Amino acid sequence: MVQIDIQRNKGESLSKQIYQSIVDRIRSGLLEEGSKLPSVRSLSKQLEVSLVTAVKAYKQLEQDGFATSIQGKGTFVKAKISEKKKVEAMPSYDWQLSLQDYLPRSQFSRYHIAPQKVHLSSSMIDPKLLPNRYFVHEVQQVLSENPELLSIYGNVQGDNQLRSEMSAYLKRSGVTSTPENILVTSGLQQSIDLVARTFVGPGDVVVMEAPTYPGAIDIFRGRGATILTVPVDKDGMRIDILQNVCEKHKPKVIFTIPTFHNPTGVVMSLKRRKQLLDIAGSIHCIIVEDDPCSEIYFEKKPPVTLTSMDQFGNVIYLRGLSKTIAPSCRIGILTASGSIFNRLLAAKANADLGSPLLTQKAILPLINSKRMIDHSKKLRTALKIRRDLVLDLLTSLSPEGVSWTIPEGGLNLWISLPSWIDSHLLLSEAKKQQITFLPGSACYPVGQENNHLRISYSYINEELLTHGITTLCNIFHAAISSQKISENRPNF
């Protein structure tokens, strides 16, 4: 069975919602090429919609090249001709299609780790920019002095020493949190998941920015949330629109990335941060403040965090260490107050009984050391050089009609193309030249826009960046030129 989410009070046609849900699963790889879709009769019965609605959704899938219908056999996810033999040669697992799953989409299962030579699709830092040798030395020393670490479990809440060090670390950023209100998680993805599984159930309203971090969309969609979106501009989330949304729908959670927003790189202004807190306080709503990159600023420090201004316990603050110190350790930090924290701690116990102790002890000497402070400064300089290189290349090589953000920090740059260009088609062309990026549609919870893409300038060196951006600009030129030729072709 195919998991399809529809919301009858959403204001969007049911056929379009069915279409988009199936497209999400195809793009996530959850529906493989050649997979048979449910018949229109079984689909209409499963979703309690009319046959006309189901037929309309399938026709749209066919028109857009996602599915093909074979008379007497059914409707199938469209397969690439070049891969048909490979699919036919594999053992048949068709029986698995009868198993119901509850995954509406999983964008990172396809885009997060890609084998292409020029890897622009993931917000990761070049391993050569991280203090690997120093880290190896510290890990060896920790193990030699405490070999029993390999034989004992850690605290569910997180190692006591690490939480004390993290309290001091966060204080440098203006975040006041005691060790008792810090929860160590297995990366920020688990932090978001703990919030969702604790406070979000089917039909609960979650407000997200549009666009936003795909991994968070996947989690909240998986909980059956009704997701409403608020656009961002150069000053972050549009608070005027958020106000209207909150008055009508009373959300349970507002998820935001106010500092070096993923994917656009913009920073929410201090004024809007205060307004957001006021709104959340007035409707007793949780704010999830995702803050993975606030230390990676290029010119000036960003405004103070939402949680540092929070007086009534509305904010759950998430901070990651994986990107800037040791990605393989997967250490995230969650802070909250009151009963919210207690319930999140219970969810953590249910999830895994605590993160690995070895990785927590391994990064302990790094967090507040002078070496790591110096490392952060060098890292900002190196990433600024790469960002500036990409901006220079785009300015000199991109065609008219292409625009982009200028991030003041973080790892990503958001590119917008003419509205009639589908970035998925550009990705197919880029992959032929061993280049990958993240299609912008992955960053929209609802009402997807296909004419954007996100590139991360942080993972590859300057030489590969130059090659990758130059090639992408050539692909942009070809796409725009082909449209102009088509428009100017005379009709006979």
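All values reported here derive from a predicted model rather than from experimental measurement.

(A) Examining the pairing of strand β9 (residues 286–291) more closely. Of all six residues in β9, six are buried; the element is thus mostly enclosed. Alternating positions in β9 separate into two faces, Ile 286, Val 288 and Asp 290 on one and Ile 287, Glu 289 and Asp 291 on the other, with burial throughout. One ladder, built from four bridges, connects strand β8 (residues 253–256) with β9; its direction is parallel. Its bridge partner being in β9, Thr 256 is matched across the sheet by Glu 289. One crossover worth recording links β8 to the parallel β9 by way of helix α11 (residues 270–283), and it is right-handed. Across five bridges, β9 lies against strand β10 (residues 315–320) in parallel orientation.

(B) Spotlight on the side chain of Asn 412. In this structure, Asn 412 sits in strand β13 (residues 412–416). Looking at Asn 412, the relative accessible area reads 6%, which means it is buried. A polar atom in the side chain of Asn 412 sits 3.4 Å from the side chain of Asn 262.

(C) Just the pattern of salt bridges, in detail. Scanning the model with the defined rule gives 15 salt bridges in all. With a closest N to O distance of 3.1 Å, Lys 432 and Glu 429 form a salt bridge. Placement of the pair is Lys 432 and Glu 429 together in helix α16 (residues 423–432), with a separation of three residues, close to one helical turn. Here Glu 429 falls in the partly exposed class, since its relative accessible area comes to 38%. Overlapping salt bridges, with partners in common, bring together Glu 299, Lys 384, Arg 387 and Asp 388 in one network.

(D) Structural view of the state of the cysteines. Across all of its chains, the model carries zero disulfides by this definition. Just so you know, Cys 329 is unpaired, no disulfide at all, and the nearest cysteine sulfur is the one on Cys 293, 17 Å from it. For Cys 329, a relative accessible area of 9% translates into the label buried.

(E) Summary view of the packing of helix α8 (residues 187–199) against helix α13 (residues 338–352). Running from N to C, α8 and α13 cross one another at 110 degrees; their axes reach a closest spacing of 9 Å. With respect to α13, the element α8 is oriented roughly perpendicular. Note on element contacts: α13 touches α8 through Ile 340, Arg 343, Leu 344, Ala 347, Lys 348, Ala 351 and Asp 352, opposite Gln 190, Leu 194, Val 195, Arg 197, Thr 198 and Phe 199. When its residues are assigned to classes, the contact of α8 with α13 shows seven nonpolar, two polar and four charged.

(F) Here's a closer look at the side chain of Arg 163. Among the secondary structure elements, Arg 163 is positioned in helix α7 (residues 160–171). With no salt bridge to any partner, buried Arg 163 finds its closest opposite charge in Glu 180, at an N-O distance of 5.6 Å. Only 2.4 Å separates the side chain of Arg 163 from the side chain of Asn 160, close enough to count as a polar contact. At 2.7 Å, the side chain of Arg 163 forms a polar contact with the backbone oxygen of Pro 179. Excluding residues within four positions of it along the chain, Arg 163 makes contact with Asn 155, Gln 157, Gly 158, Pro 179, Glu 180, Ile 182 and Val 184.

(G) Just the nonpolar core, in detail. If you look at the biggest cluster of nonpolar residues, it comprises 41 residues, and the most contacted ones within it are Met 166, Leu 170, Leu 242, Ile 254, Leu 276, Leu 321 and Ile 363. Apart from residues lying up to four places away in sequence, Ile 254 is in contact with Val 207, Met 237, Leu 242, Cys 246, Leu 276, Cys 285, Ile 286, Ile 287 and Val 288.

(H) The arrangement of the packing of aromatic side chains in detail. Enumeration over the complete set of coordinates arrives at three aromatic pairs. Centroid distance Tyr 19 to Phe 66: 6.3 Å. Interplanar angle 75 degrees. Geometry classified as edge-to-face. Here Phe 66 lies in the loop between α3 (51–63) and β1 (67–70) and Tyr 19 lies in helix α1 (residues 14–28), a separation of 47 residues in the sequence. Here Tyr 19 falls in the buried class, since its relative accessible area comes to 13%. Ring geometry for Phe 220 against Phe 255: centres 6.0 Å apart, planes inclined by 65 degrees, an arrangement best described as edge-to-face. Taken together, the residues Phe 220 in helix α9 (residues 214–222) and Phe 255 in strand β8 connect sequence positions 35 residues apart. A residue is classified by how much of its surface remains accessible, and Phe 255, at 0% relative accessible area, is buried.

The rules behind the values
- Residues numbered from 1 in each chain as written.
- Predicted model: local features only at pLDDT ≥ 70, side-chain atom pairs only at ≥ 80, totals over all residues.
- Heavy atoms only, no water.
- Buried < 20%, exposed > 50% of the residue type's maximum accessible area, 1.4 Å probe, protein only.
- Helix = DSSP H or I, 4+ residues; strand = E, 2+ residues; numbered from the N terminus.
- Pairing = 2+ DSSP bridges.
- Right-handed = clockwise from strand over helix to strand, strands pointing away.
- Polar contact = N/O pair within 3.5 Å; in protein donor to acceptor, adjacent residues only side chain to side chain.
- Salt bridge = Lys/Arg side-chain N within 4 Å of Asp/Glu carboxyl O.
- Disulfide = S-S within 2.5 Å.
- Axes fitted to C-alpha atoms, helices over the stretch in contact; angles between N-to-C directions.
- Parallel < 35°, antiparallel > 145°, perpendicular 65-115°, else oblique.
- Contact = heavy atoms within 4.5 Å.
- Nonpolar A, V, L, I, M, F, W, Y, C, P; charged D, E, K, R; others polar.
- Lys, Arg positive; Asp, Glu negative; His and termini not counted.
- Core = buried A, V, L, I, M, F, W, Y, C linked by side-chain atoms within 4.5 Å.
- Phe/Tyr/Trp six-rings, centres within 6.5 Å; stacked < 30°, edge-to-face > 60°.

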